[in-house]
Amino acid sequence: MLDNSLKSVLDEKKVSKALLENSANKFSNKKRLFIIGDHCDIRKKYSKELENLGKVRDLDGNITNGYTTLGTVIVDEDKKNVTLADISVFSNKQDRFISQEELKKYEDKKIESKERTKELKELIDSNNHINMTLSVRKQTQRVSESLKAKNPNVTLCHVHDRFCDSVGYMEHIDQTLKDEFVVRAKLSRNSNKTKINAKGKKQTIKLIDAEFSNKKQYIIDKLRLKGKIYQQAKVLIEWDKVTLNKNEYTAVRITLKTKDAKPIHNKPMLLISNIKVSTYLEAKEIYHIYLMRSKIEAVFKFLKDVLGWEEFQVRDWDSIKNIIALCFFIGNYFYEIESSLIENP
């Protein structure tokens, strides 16, 4: 059933289809949904002989053995209930994996090997290649279209971390899917403003350093971050318009400080959204939308700590993909019956 050797199999595509159908039916009468997508590494540090065993990062940022999953969860308009909606599994050691760097080299005709150029052409022409960027785009579109097929009037807001900070992806959400998005921006993201540097040349100012047109500060009586509590913490919300590839979006910058005005983090948080912001409360809402991303991190932690997501011992690629997806499916079952579990632990 898991290794695809039977006529009736349970593979990752069937699992994702079932999850999406469940989600579409469950939210068919909702006005707004938050779609949170993120990748999660399945680490197999001590494994050596698993099929398509790729490379991922451990919690310290070091390279180790493993596989990559791309998960999507849906949060309802009350920002409380979580539903697991889609899962993809892939490896950077698969024959059809093409990194974005190699893809760029191919497009610029800078691949030195003629044999590799031929391989890349065949994969790209057949639309059979994979990487993180392609997987995110396809999964986002799949979820969006499935939900709107059951509920055409629903407003969808996609929430992503920095790995989705690309103009192409933002345009895909905004113009192709006609959805909302809130994406955390990389610190290297440029603003639309310039300055004259010490050498007398015009230099673009980074968005992290730019002057924002609007700002307001508020106080949190008790802020808990990574087990540490800050009394009377200060939150500075700044917002402004930013133009990326001729499209106008909203940039929101959040700076957390102690009551003594000392920065809690080394750098402020930068968010970019296609949601129009004209007031402080609207800018604050962008921040609160992004904070919901922690819900998918909690899902991944639950899958690993409680359901043993990384503990499989099968070796063939089909079984590996399918058992990872099946665990995600079972995780959704636990979230569906959460109220019963609370009453009857």
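Remember, predicted model here, so these are calculated numbers, not experimental data.

Asker: Pulling in residues and values, what's your account of the overall build of the chain?
Answerer: Regarding its fold elements, the chain presents 9 helices and 12 strands. Over its C-alpha atoms the chain spans a radius of gyration of 22 Å, differing by no more than 12% from the 20 Å that the globule rule assigns to 345 residues. Seen through its C-alpha atoms, the chain measures out along the principal axes to roughly 65 × 65 × 45 Å. Counting across all 345 residues of the chain, residues that qualify as buried make up 46%. In the chain, of all internal contacts separated by at least 6 residues, the share reaching a separation of at least 24 is 60%. Accessible surface for the chain amounts to roughly 19400 Å². Of this, 48% is attributable to carbon and sulfur atoms. Taken together, the 64 basic and 49 acidic charged side chains of the chain have centroids lying 6 Å from each other.

Asker: Let's hear about the side chain of Lys304: which residues, and what values?
Answerer: Position of Lys304 among the secondary structure elements: in helix 7 (residues 294-305). Here the side chain of Lys304 touches Asp41 through a polar contact of 2.8 Å, landing on its backbone oxygen. Not counting residues within four places of it along the chain, the set of residues in contact with Lys304 comprises Cys40, Asp41, Arg43, Trp309 and Glu310.

Asker: Describe unusual backbone geometry, with residues and values.
Answerer: Despite not being glycine, Lys79 shows a phi value in the positive range, around 65°. Look at Lys79 and you get partly exposed, because its relative accessible area is 25%. For Asn127, which is not a glycine, the phi torsion comes out positive at approximately 55°. By the element assignment, Asn127 lies in the loop between helix 3 (114-125) and helix 4 (132-150).

Asker: Now, about the pairing of strand 8 (residues 202-206): what can you tell me, with residues and values included?
Answerer: Both strand 7 (residues 190-196) and strand 8 contribute to a ladder of 4 bridges, which runs antiparallel. Pairing of Ile196 across the sheet is with Lys202, part of strand 8. The antiparallel hairpin formed by strand 7 and strand 8 contains 5 residues in its connecting segment, where Gly200 sits at a positive phi of about 80°.

Asker: Pulling in residues and values, what's your account of the packing of helix 7 against helix 8 (residues 317-336)?
Answerer: For the pair helix 7 and helix 8, the least separation of the axes is 10 Å and the interaxial angle reads 110°. With respect to helix 8, the element helix 7 is oriented roughly perpendicular. Where helix 7 approaches helix 8, its residues Ala298, Val299, Phe302 and Leu303 are matched on the opposing element by Cys327, Phe328, Gly331, Phe334 and Tyr335.

Asker: Outline the nonpolar core, listing residues and values.
Answerer: Core analysis: the largest hydrophobic core is formed by 53 residues, its most contacted members being Ile237, Ile254 and Trp309. Ala210, Phe212, Leu244 and Ala251 belong to the second-largest nonpolar core, a separate cluster that totals 21 residues.

Asker: I'd like to hear about the pattern of salt bridges, residue by residue, with values.
Answerer: Going through the model one piece at a time under the given rule, you end up with 23 salt bridges. Linking Asp108 and Lys104 is a salt bridge whose minimum nitrogen-to-oxygen distance equals 2.6 Å. The exposure class assigned to Asp108 is partly exposed, which follows from its relative accessible area of 35%. Given the relative accessible area of 46%, Lys104 is considered partly exposed. Via salt bridges that share partners, Asp38, Asp161, Arg293 and Glu297 belong to a single interconnected network.

Asker: Explain helix 5 (residues 167-176) residue by residue, including any values.
Answerer: Residues separated by three or four positions in an α-helix point in the same direction, a consequence of the helix having 3.6 residues per turn. Among all positions in helix 5, only Tyr169, Met170, Glu171, His172 and Ile173 are buried. Those residues of helix 5 hidden inside the fold are in contact with helix 4, strand 5 (155-160), strand 6 (180-184), strand 10 (228-244), strand 11 (247-257) and strand 12 (269-273). Following helix 5 by one or two positions, Lys178 adopts a phi angle in the positive range, close to 60°.

Asker: Give me the side chain of Arg189: which residues, what numbers.
Answerer: Along the polypeptide, Arg189 turns up in the loop between strand 6 and strand 7. Judged by its relative accessible area of 15%, Arg189 falls in the buried class. Within the structure, the side chain of Arg189 is placed 2.6 Å from the side chain of Asp165, a separation counted as a polar contact. Each residue touching Arg189, except ones within four places of it in the same chain, is listed here: Asp165, Ser166, Val167, Met170, Lys206, Leu207, Leu244 and Ile272.

Asker: An account of the state of the cysteines is needed here, citing residue identities and associated values.
Answerer: As enumerated under the stated definition, the model contains 0 disulfides in all. The thiol sulfur of Cys327 is not disulfide-bonded, and the nearest other cysteine sulfur, from Cys40, lies at 11 Å. Looking at Cys327, the relative accessible area reads 11%, which means it is buried.

Asker: So what's going on with the packing of helix 2 (residues 100-107) against helix 3? Residues and values would help.
Answerer: For any two helices packed against each other, one specifies the crossing angle of their axes together with the interaxial distance. Relative orientation of the contacting elements helix 2 and helix 3 amounts to 100°, with a least axis distance of 11 Å. Considered as vectors, helix 2 and helix 3 are oriented roughly perpendicular to each other. Of helix 3, the residues touching helix 2 (which contributes Glu102, Leu103 and Tyr106) are Arg116, Thr117, Leu120, Lys121 and Ile124. Grouping the amino acids of the contact of helix 2 with helix 3 by side-chain chemistry returns 4 nonpolar, 1 polar and 3 charged.

Asker: Summarise the environment of Pro152; cite the residues concerned and give the values.
Answerer: For Pro152, the location among the structural elements is in the loop between helix 4 and strand 5. The spatial distance from the C-alpha of Pro152 to the C-alpha of Ala210 is 39 Å, given a sequence separation of 58 residues.

Asker: Talk me through the environment of Val242; I want residue IDs and the actual numbers.
Answerer: Within the fold, Val242 resides in strand 10. C-alpha separation for the pair Val242 and Leu6, spaced 236 residues apart in sequence, amounts to 54 Å. Residue contacts for Val242: discarding those within four places in its chain leaves Asn192, Asn247, Glu248, Tyr249, Thr250 and Ala251.

The rules behind these values
- Residues numbered from 1 in each chain as written.
- Predicted model: local features only at pLDDT ≥ 70, side-chain atom pairs only at ≥ 80, totals over all residues.
- Heavy atoms only, no water.
- Helix = DSSP H or I, 4+ residues; strand = E, 2+ residues; numbered from the N terminus.
- Rg over C-alpha atoms; globule rule 2.2 N^0.38 Å.
- Buried < 20%, exposed > 50% of the residue type's maximum accessible area, 1.4 Å probe, protein only.
- Contact = heavy atoms within 4.5 Å.
- Areas by Shrake-Rupley, 256 points an atom, 1.4 Å probe, with all protein chains shown as cover.
- Lys, Arg positive; Asp, Glu negative; His and termini not counted.
- Charge placed at Lys NZ, Arg CZ, Asp CG, Glu CD.
- Polar contact = N/O pair within 3.5 Å; in protein donor to acceptor, adjacent residues only side chain to side chain.
- Pairing = 2+ DSSP bridges.
- Axes fitted to C-alpha atoms, helices over the stretch in contact; angles between N-to-C directions.
- Parallel < 35°, antiparallel > 145°, perpendicular 65-115°, else oblique.
- Core = buried A, V, L, I, M, F, W, Y, C linked by side-chain atoms within 4.5 Å.
- Salt bridge = Lys/Arg side-chain N within 4 Å of Asp/Glu carboxyl O.
- Disulfide = S-S within 2.5 Å.
- Nonpolar A, V, L, I, M, F, W, Y, C, P; charged D, E, K, R; others polar.

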